[in-house]
Amino acid sequence: MTDLGTAAELGRTSALAVECARDLARHAAEHPGLFPARPFDGGFFHSLGLVGAFGSPWATVEELRVVNRAALWVFAADLLVDRVTRSRDELAALVADCLAVAGGDVARSPLARVLAGLRDDVGGDPRWSDQLRRMLSAMLQEWDWRESKTTVDLDVYLLNADSCGSSFVNLSHWLYIGEAWTLANLDLVREAGDEVQRYLRLLNDLATYDREARWGDANALVLGARRTEVTERMARHARTAAELIAPFCETSPRTALYLERQVGFNTGFYGVSDYWGEL
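Residues numbered from 1 in each chain as written. Predicted model: local features only at pLDDT ≥ 70, side-chain atom pairs only at ≥ 80, totals over all residues. Heavy atoms only, no water.

A. Examining the overall build of the protein more closely. Scanning the protein from terminus to terminus reveals 14 helices and zero strands. Listed N to C, the secondary structure of the protein is α-α-α-α-α-α-α-α-α-α-α-α-α-α in terms of helices and strands. For the protein, the C-alpha radius of gyration of 18 Å lies close to 19 Å, the compact-globule estimate for 279 residues. Taken over the C-alpha atoms alone, the protein extends approximately 60 × 45 × 35 Å along its principal axes. Taken across its 279 residues, the protein has 52% of its residues classed as buried. Once local pairs closer than 6 in sequence are excluded, the contacts in the protein between residues at least 24 apart make up 75%. Carbon and sulfur atoms provide 54% of the accessible area of the protein, an area that totals close to 12600 Å². (Helix = DSSP H or I, 4+ residues; strand = E, 2+ residues; numbered from the N terminus. Rg over C-alpha atoms; globule rule 2.2 N^0.38 Å. Buried < 20%, exposed > 50% of the residue type's maximum accessible area, 1.4 Å probe, protein only. Contact = heavy atoms within 4.5 Å. Areas by Shrake-Rupley, 256 points an atom, 1.4 Å probe, with all protein chains shown as cover.)

See below:
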């Protein structure tokens, strides 16, 4: 019966992931210019559905709508920054549009129009706007590194880890779900989430080095870090994240599990696949 119960739980979580993927696909279909079929293929939507569902397996599709759509938005922003925009002025204008929308203005670009929906979902919280600014500023910094063909110390690189968007997605989720303890202790929870983000930044860099080198994306290895240096830092950030998350197990076990599964799920996932489809 124990195996049957485990299988049933996995079945429910998998079904939740499928429904999340369908919601994401419908949402993307409303903005085809922003989410082209390459690289936003069917596997991409199912990948995002899986990470959302396994991070919060107790949730409903509606409760996961914002975390999933925030993650989708980050991928769209990343694609525009890395593959579509042709000048820093063009990129700066896009960033300015998004930040203006976060402050309540009307969107001028397709990316900002989708962002406006997320802004409304989280109630225009100033912490969310600030995290968005941090993420977009970090993306701009990576664009500058790439264009100048510079090398960057790993410590400096990780100070820019907001570029991967993990902390932005997490904050969007917590503000939307509105779990009382998490919101009352958001500084502590965000500190743990930032440490998870550093681990995920390096995990992604190791797992997707070949693609990112081919696409021209910022990557710790491309920017000069050694592979052994990266794996050592990953282990350090994983330990620190676990130490920061441990106290949450008593006060908010769902928040603890959500963050733990960000590390665990992505470690397993990147051992086999990648979120992006082919361009």
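Moving on from the model shown.
B. Region of the structure containing the packing of aromatic side chains. Counted by the stated rule, this structure contains 18 aromatic pairs. Judged by centre distance (5.6 Å) and plane angle (80 degrees), the rings of Tyr270 and Tyr275 are edge-to-face. The residues Tyr270 and Tyr275 share a single accessibility class, namely buried. By the ring-pair criterion, three or more aromatic residues cluster together here, those being Phe35, Phe40, Phe44, Phe45, Phe54, Phe75, Phe265, Phe269, Tyr270, Tyr275 and Trp276. (Phe/Tyr/Trp six-rings, centres within 6.5 Å; stacked < 30°, edge-to-face > 60°.)

C. Looking closely at the side chain of Glu212. Take Glu212: it is sitting in helix α11 (residues 209-215). Not counting the four nearest positions on each side in its chain, Glu212 is found in contact with Arg201, Asn204, Asp205, Asp217, Ala218 and Asn219.

D. Quick look at helix α12 (residues 227-245). For α12, built from 19 residues, the straight-helix expectation of 27 Å at 1.5 Å per residue is met to within 8% by its first-to-last C-alpha distance of 27 Å. Within α12, the full set of buried residues consists of Val230, Arg233, Met234, His237, Ala241 and Ile245. For α12, the arc enclosing every buried residue in end-on projection is 110 degrees, short of the 170-degree limit, so these residues lie on one face. What points out from α12, more than 90 degrees from its buried face, is the exposed set Thr228, Glu232, Arg239 and Glu243. Buried residues belonging to α12 abut α7 (154-159), α10 (186-207), α13 (248-251) and α14 (253-270). (Expected span 1.5 Å × (residues − 1). Arc of directions from axis to C-beta.)

E. Molecular detail of helix α4 (residues 88-102). Taking 1.5 Å per residue, 15 residues should reach 21 Å; α4 reaches 21 Å between its end C-alpha atoms and fits that length. Of the positions making up α4, those classed as buried are Leu91, Leu94, Val95, Asp97, Cys98, Val101 and Ala102. For α4, the angular spread of buried residues about the axis comes to 155 degrees, placing them on one side. Tucked into the core, α4 has its buried residues touching α3 (65-84), α5 (110-121) and α6 (126-148). One or two positions beyond α4, positive phi appears at Gly104, with a value near 110 degrees.

F. Local environment of the pattern of salt bridges. Tallying each qualifying case throughout the model produces 18 salt bridges. The partner of Arg88 in a salt bridge is Asp144, and the shortest N-O contact between them spans 2.7 Å. Highlighted residues: Arg88 in helix α4 and Asp144 in helix α6, separated in sequence by 56 residues. Its relative accessible area of 35% is what places Arg88 among the partly exposed residues. Between Arg127 and Asp125 there is a salt bridge, and its shortest N-O distance comes to 2.9 Å. (Salt bridge = Lys/Arg side-chain N within 4 Å of Asp/Glu carboxyl O.)

G. Structural view of unusual backbone geometry. Put simply, Arg38 and Pro39 share a cis peptide bond, and its omega is 20 degrees. Along the chain, the position of Pro39 falls in the loop between α1 (2-29) and α2 (42-55). The backbone phi angle of Lys149 is positive, close to 50 degrees, even though this residue is not glycine. Looking at the element boundaries, Lys149 is found in the loop between α6 and α7. Residue classification places Lys149 among the exposed residues on the basis of a relative accessible area of 73%.

H. Spotlight on the packing of α4 against α6. One can describe the packing of α4 onto α6 by two numbers: an axis separation of 10 Å at closest approach and a directional angle of 175 degrees. As summarised for this structure, α4 and α6 are arranged roughly antiparallel, according to the angle between their axes. Across from Arg88, Leu91, Ala92, Val95, Cys98, Leu99 and Ala102 in α4, the residues of α6 making contact are Trp128, Ser129, Leu132, Arg133, Leu136, Leu140, Trp143 and Asp144. Considered class by class, the residues forming the contact of α4 with α6 number 11 nonpolar, one polar and three charged. (Axes fitted to C-alpha atoms, helices over the stretch in contact; angles between N-to-C directions. Parallel < 35°, antiparallel > 145°, perpendicular 65-115°, else oblique. Nonpolar A, V, L, I, M, F, W, Y, C, P; charged D, E, K, R; others polar.)

I. Expanded view of the packing of α2 against α14. One way to put it is that α2 packs onto α14 with a least axis distance of 8 Å and a crossing angle of 140 degrees. By the angle between their axes, α2 is oblique relative to α14. When the axes of α2 and α14 are compared, the crossing they make is right-handed. When α2 is examined against α14, the residues Ser47, Leu50, Val51, Phe54 and Gly55 are found in contact with a partner set consisting of Leu257, Tyr258, Arg261, Phe265, Asn266 and Phe269. (Left-handed = near helix turned anticlockwise from the far one by under 90°.)

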